[in-house]
Amino acid sequence: MIKYKTREEIELMRESAQIVSRTLGILAAEIKPGVTPLALDKMAEEYIRSQGAVPGFLGLYDFPNTLCMSRNEHVVHGYPTDEPLRDGDIISVDCGAIKNGFYGDHAYTFEVGEVAPEIKRLLQVTKESLYLGIEQCRAGNRIEDIGFAIQQHCEKNGYGVVRELVGHGIGRVMHEDPQVPNYGRRGRGKKIKEGLVLAIEPMVNLGTFDIRQLKDGWSIVTADGKPSAHFEHNVAVVDGKPEILSTFDYIYEALSKKD
Ligand code: MG
Ligand code: MG
């Protein structure tokens, strides 16, 4: 059952989303060759707690950390390790926070040092597809309109759109109805209404869309071993239109100072 949110609830959700946005901004400044994912995880947890919030993933389905960190051929749900980042890696950092009982949950795929042009392009196209999907998140449209827009853009560029993992409704529970596939047919699925809040999150592979799960029980990797990108925003339908509750601006600010 979909739980539509009031304006007041959406404002609380914006607060949770913005805590995650600022966390990712802090990490953006620190991500470079030699840094360990576990060190970044610790930083994220400390910042989230300093904001009077609680890490959203820690303990959820028994996940052991604050961040999901998925490097190179890892698609999502990787956990931070003490293996240092290397020049040319990409790493998806997915972060959740709970404040006032509401979840924020979004993700950005970062470049570590100098990344190959074909991988930079994968990141660019995946991020573009996220915004094309968000554009469809308006009253009167249907859920699959979102995935249709994402899929069209990614496949036009020759990429594989992951099928088994999807976006979701979000609120007092991390994964609420409806599921939001990153593929679909125009005009299909539930009608989008005022107060709907979604986590929209294309997971896009440089090669084919096939994935498999590692024996660790968490990590999802591409079947062909090629890299995968993941970007996510929290989006509410307000006055019939998509309003992005999260932001990548803190990331951009940090990255511009790094260069
Ligand atoms: Mg996420
Ligand atoms: Mg999510």
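Counting starts from 1 at the beginning of each chain's written sequence and moves along it residue by residue. Key to labels: chains lettered from A, ligands numbered from 1, both in the order written. Restriction of local features to residues with pLDDT of at least 70 applies here, the model being predicted, together with a cutoff of 80 or more for giving and counting side-chain atom pairs; totals for whole chains, interfaces and linings are based on all residues. Excluded from the side-chain calculation are hydrogens and water; included are all heavy atoms of the structure.

(A) Main features of the coordination of the magnesium ion (ligand 2). Counted as coordinating are nitrogen, oxygen and sulfur atoms within 2.8 Å of the metal, or 3.2 Å for Na, K and Ca, while water is not included, which may make sites look incomplete. Around the magnesium ion (ligand 2), the protein contributes the donor atoms D105 (OD), H168 (NE2), E201 (OE) and E232 (OE), at 2.1 to 2.2 Å from the metal centre. Sequence positions of the donors to the magnesium ion (ligand 2) reduce to the motif D-x62-H-x32-E-x30-E. Between the two metal centres, the magnesium ion (ligand 2) and the magnesium ion (ligand 1), the spacing is 3.0 Å, with D105 acting as a shared donor. On the criterion of sequence distance, the pair formed by D105 in strand β5 (residues 102–111) and E232 in the loop between β13 (228–230) and β14 (233–238) is long-range, its members being 127 residues apart. Under the scheme used here, helices are H or I runs from DSSP no shorter than 4 residues and strands are E runs no shorter than 2 residues, and both carry numbers assigned from the N terminus.

(B) Structural view of the sheet that holds strand β12 (residues 220–222). Ordered in space as β3-β12-β11, the 3 strands form an open sheet in which the pairing is antiparallel. Each edge of the sheet is formed by a strand with only one pairing partner; in this case those strands are β3 (74–76) and β11 (211–213). Across the sheet, the mean angle separating the axes of adjacent strands is 40° when strand polarity is ignored. As judged from the 3 bridges shared by β11 and β12, these two strands associate in the antiparallel manner. Criterion used throughout: strands pair if DSSP finds at least two bridges between them. Axis angles are defined between N-to-C directions and span 0 to 180 degrees, where every axis is a line fitted to C-alpha atoms and, for a helix, only to the segment in contact.

(C) Representation of helix α4 (residues 143–156). Multiply 1.5 Å by the residue count of a helix minus one, and that product is the helix's expected span. With 14 residues, α4 should cover 20 Å at 1.5 Å per step; its first-to-last C-alpha distance of 21 Å lies within 8% of that length. Of all 14 residues in α4, 10 are buried, a share of seventy percent or more. Listed in full, the buried residues belonging to α4 are I143, D145, I146, G147, F148, A149, I150, Q151, H153 and C154. Residue contacts are defined here by distance: any two heavy atoms, one from each residue, within 4.5 Å place the two residues in contact. Those residues of α4 that are buried lie in contact with α3 (117–135), β6 (160–161), β8 (176–180), β9 (197–200) and β10 (203–205). Directly beyond the C-terminal end of α4, a positive phi value near 85° is found at G158. Residue exposure (1.4 Å probe, protein chains only): buried if accessible area is under 20% of the type maximum, exposed if over 50%, otherwise partly exposed.

(D) Region of interest: the pattern of salt bridges. For this analysis, a salt bridge means a side-chain nitrogen from Lys or Arg found within 4 Å of a carboxyl oxygen belonging to Asp or Glu. Following the criterion strictly, the structure yields 16 salt bridges and no others. In this structure, E155 engages R163 in a salt bridge whose closest nitrogen and oxygen atoms are separated by 3.5 Å. When its relative accessible area of 23% is taken as the criterion, R163 is described as partly exposed. What emerges from the salt-bridge pattern is a single network uniting R71, E83, R86 and D89.

(E) The side chain of E176, seen in detail. For E176, the location among the structural elements is in strand β8. Think of a polar contact as two N or O atoms within 3.5 Å of one another; within protein, one of them needs to be a possible hydrogen donor and the other a possible acceptor, and neighboring residues in sequence only count if both atoms come from side chains. A polar contact of 2.6 Å, which involves the side chain of E176, links it to the side chain of K5. Here the side chain of E176 touches R172 through a polar contact of 3.2 Å, landing on its backbone nitrogen. Excluding anything up to four places from it in sequence, E176 contacts K3, K5, H168, G169, I170 and G171.

(F) Structural view of the packing of helix α1 (residues 7–30) against helix α5 (residues 249–258). Relative orientation of the contacting elements α1 and α5 amounts to 15°, with a least axis distance of 7 Å. On the basis of their axis angle, the class for α1 and α5 is roughly parallel. For the element pair α1 and α5, the recorded crossing hand is right-handed. Along its contact with α1, which presents Q18, S21, R22, L24, G25, A28 and A29, the element α5 presents Y250, I251, A254, L255 and K258. By the definition adopted for this analysis, an angle is roughly parallel if under 35 degrees, roughly antiparallel if over 145, roughly perpendicular if from 65 to 115, and oblique otherwise. Left-handed describes a crossing in which the near helix is turned anticlockwise from the far one by less than a right angle; the clockwise case is right-handed.

(G) View of the coordination of the magnesium ion (ligand 1). The coordination sphere of the magnesium ion (ligand 1), as far as protein atoms go, consists of D94 (OD), D94 (OD), D105 (OD) and E232 (OE), spread over 2.0 to 2.4 Å. As a motif over one chain, the donors of the magnesium ion (ligand 1) read D-x10-D-x126-E. Since its relative accessible area comes to 7%, D94 is described here as buried.

(H) Structural context of the nonpolar core. Judged by nonpolar contacts, the single largest core of 51 residues is most densely connected at L27, I31, V93, F110, I146, L198 and I200. The biggest single contributor to this core is α3, with 6 residues. In this view, I31 contacts L40, L85, V93, F110, E111, V112 and K258; residues no more than four positions away in its chain are not counted. Among buried residues, those of type Ala, Val, Leu, Ile, Met, Phe, Trp, Tyr and Cys that are joined through side-chain atoms within 4.5 Å constitute a nonpolar core. Of all hydrophobic cores here, the second largest spans 15 residues; its members include A17, C68, F102 and I170.

(I) Representation of the packing of α1 against helix α2 (residues 37–50). Look at α1 against α2: their axes get within 10 Å of each other, and the N-to-C directions meet at 145°. Crossing angle aside, the handedness with which α1 passes α2 is right-handed. Contacts between α1 and α2 pair I19, R22, T23, I26, L27 and E30 from the former with L40, M43, A44, Y47 and I48 from the latter. All residues other than Ala, Val, Leu, Ile, Met, Phe, Trp, Tyr, Cys, Pro, Asp, Glu, Lys and Arg, Gly among them, are scored as polar; the first ten of these are nonpolar and the last four charged. Residue classes in the contact of α1 with α2 are distributed as 8 nonpolar, 1 polar and 2 charged.

Purely spatial values, then, with no claim about function.
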